[in-house]
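# Inside the fold
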Amino acid sequence: MRDLIAALNETSWSIALRESLYVWPILEATHVLTIMLFAGTIMMVDLRLLSIGFRDIPVSEMTRRILPWTVAGFIVLAATGLLLLYAKPLHYYHNVFFRLKLLLLCAALANIIYFHRKAEADMAAWASGKAPFAARASAVISLCAWVSVIIAGRMIAYDWYDCSKLNPDGALSAFADCPRSSEAVAEAAARE
Ligand code: HEM
């Protein structure tokens, strides 16, 4: 896997993107600004599910009106995010916070699938009133997961856990798939 990422890192488009004067910052700014649309609309629906706001609006009406904006926001986030990733694939491949963000992103998306499959099934029965426990639990998980994705995303820029600063045989180094030190590699080879 690392070899594939290393090869991607040397492609001309990847080099051009990360050395660009304007394209990379525009991608990064678009990525950050789109969080307002994506996470903001998700938060509105979650607050309704928790009966914290918009109690006079049926949940079905809110999701019908807001969901298209949420989907549009995610498409822009994924597109700009994948281009940012392509610009420095090897850097992000070993980035502890980027890996954590992807795990949290999967958890947040799994929660959305659960909500739409399970909690939404009988929405007609409770759309105008208080949401059932499953829907409220899904809303709490959603709020926690997306806030965690945003925090992990912001931490990507910090090099505290770069491979060069980690114990090559430590758990974090394994999590980031850091290249093992030659001694560690020789040691591992001797153990095999
Ligand atoms: C497929 C989906 C996504 C990919 C591939 C992706 C990729 C990235 C990458 C590579 C960066 C690092 C930019 C840097 O070096 O600072 C980044 C930053 C960030 N991402 Fe994403 N992202 C995705 C979705 C999201 C989502 C859904 C959110 C929030 C809900 C998010 C929030 C952030 C934040 C807050 C930053 C930090 C921006 C900064 O510090 O300037 N990303 N993302």
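Residues numbered from 1 in each chain as written. Predicted model: local features only at pLDDT ≥ 70, side-chain atom pairs only at ≥ 80, totals over all residues. Heavy atoms only, no water.

## A few points about the state of the cysteines
Note the cut-off: Any pair of cysteine sulfurs within 2.5 Å is marked as a disulfide. Comment: elements are numbered from the N terminus, with helices defined as DSSP H or I runs of at least four residues and strands as E runs of at least two.
Scanning all chains against the criterion turns up one disulfide. A sulfur-sulfur separation of 2.1 Å characterises the disulfide bridge that pairs cysteine 163 with cysteine 178. Looking along the S-S bond of the cysteine 163-cysteine 178 disulfide, the torsion reads about -85°, which is the left-handed sense. Of this pair, cysteine 163 sits in the loop between α8 (133–155) and α9 (171–175) while cysteine 178 sits in the loop between α9 and α10 (182–191); the two residues are 15 residues apart in sequence, bridging distant segments of the chain. Cysteine cysteine 106 is unpaired, with the sulfur of cysteine 144 as its nearest cysteine sulfur at 17 Å.

## Overview of the nonpolar core
For clarity, the cut-off: Take the buried residues of types Ala, Val, Leu, Ile, Met, Phe, Trp, Tyr and Cys, join any two whose side-chain atoms come within 4.5 Å, and each joined set is a nonpolar core. Burial classification: accessible surface area is computed with a 1.4 Å probe over protein chains only, and a residue below 20% of its type maximum counts as buried, one above 50% as exposed, and the rest as partly exposed. Any pair of residues with heavy atoms lying within 4.5 Å of one another is described as a contacting pair.
Counting twelve residues, the largest nonpolar core is built from Val45, Leu49, Val59, Met62, Ile66, Phe115, Met123, Trp126, Ala127, Ala131, Ala135 and Ala139. The set of elements that each furnish at least two residues to this core consists of α3 (23–49), α4 (59–87), α7 (123–126) and α8. The element best represented in this core is α4, accounting for three residues. Leaving out residues up to four positions away in the same chain, leucine 49 has contacts with Val59, Phe115, Trp126, Ala131, Ala135, Arg136 and Ala139. Core analysis: the next-biggest nonpolar cluster, separate from the first, contains ten residues, Trp24, Leu84, Tyr92 and Phe98 among them.

## Topic: the packing of aromatic side chains
As a reminder, the rule being used: Aromatic pairs are defined between Phe, Tyr and Trp rings, using the six-membered ring for Trp, whenever the two ring centres lie within 6.5 Å; interplanar angles under 30 degrees are classed as stacked, those over 60 as edge-to-face, and all others as tilted.
Scanning the model with the defined rule gives six aromatic pairs in all. When the ring of phenylalanine 38 is compared with that of tryptophan 146, the centres are 4.8 Å apart and the planes differ by 85°; the resulting orientation is edge-to-face. Of this pair, phenylalanine 38 sits in helix α3 while tryptophan 146 sits in helix α8, and the two are 108 residues apart along the sequence. Its relative accessible area of 5% is what places phenylalanine 38 among the buried residues. For tryptophan 146, a relative accessible area of 6% corresponds to the buried category.

## Considering the environment of methionine 1
Relative to the elements of secondary structure, methionine 1 occurs in the segment before α1 (2–9). Look at methionine 1 and you get exposed, because its relative accessible area is 66%.

## A word on the coordination of the iron atom of the ligand
Tetrahedral coordination by four donors places them ideally at 109.5 degrees to one another around the metal; octahedral coordination by six donors ideally gives 90 or 180 degrees. In plain terms, the rule: Counted as donors are N, O and S atoms no farther than 2.8 Å from the metal, or 3.2 Å for Na, K and Ca; water is not among the atoms, and sites may therefore look incomplete. Geometry assignment treats four donors as tetrahedral when all angles are between 85 and 135 degrees, treats four as square planar and six as octahedral when opposite donors are over 155 degrees apart and all others between 65 and 115, and treats everything else as irregular.
Around the iron atom of the ligand, the protein supplies His31 (NE2) and Lys101 (NZ) as donor atoms, at distances of 1.7 to 2.1 Å. Classification of the site at the iron atom of the ligand as octahedral follows from its six donor atoms and the range of 84 to 177° in their angles at the metal. Note that histidine 31 is positioned in helix α3 and lysine 101 in helix α6 (residues 96–119), a separation of 70 residues in sequence. Lysine 101 matches histidine 31 in its accessibility class, with the two residues each being buried.

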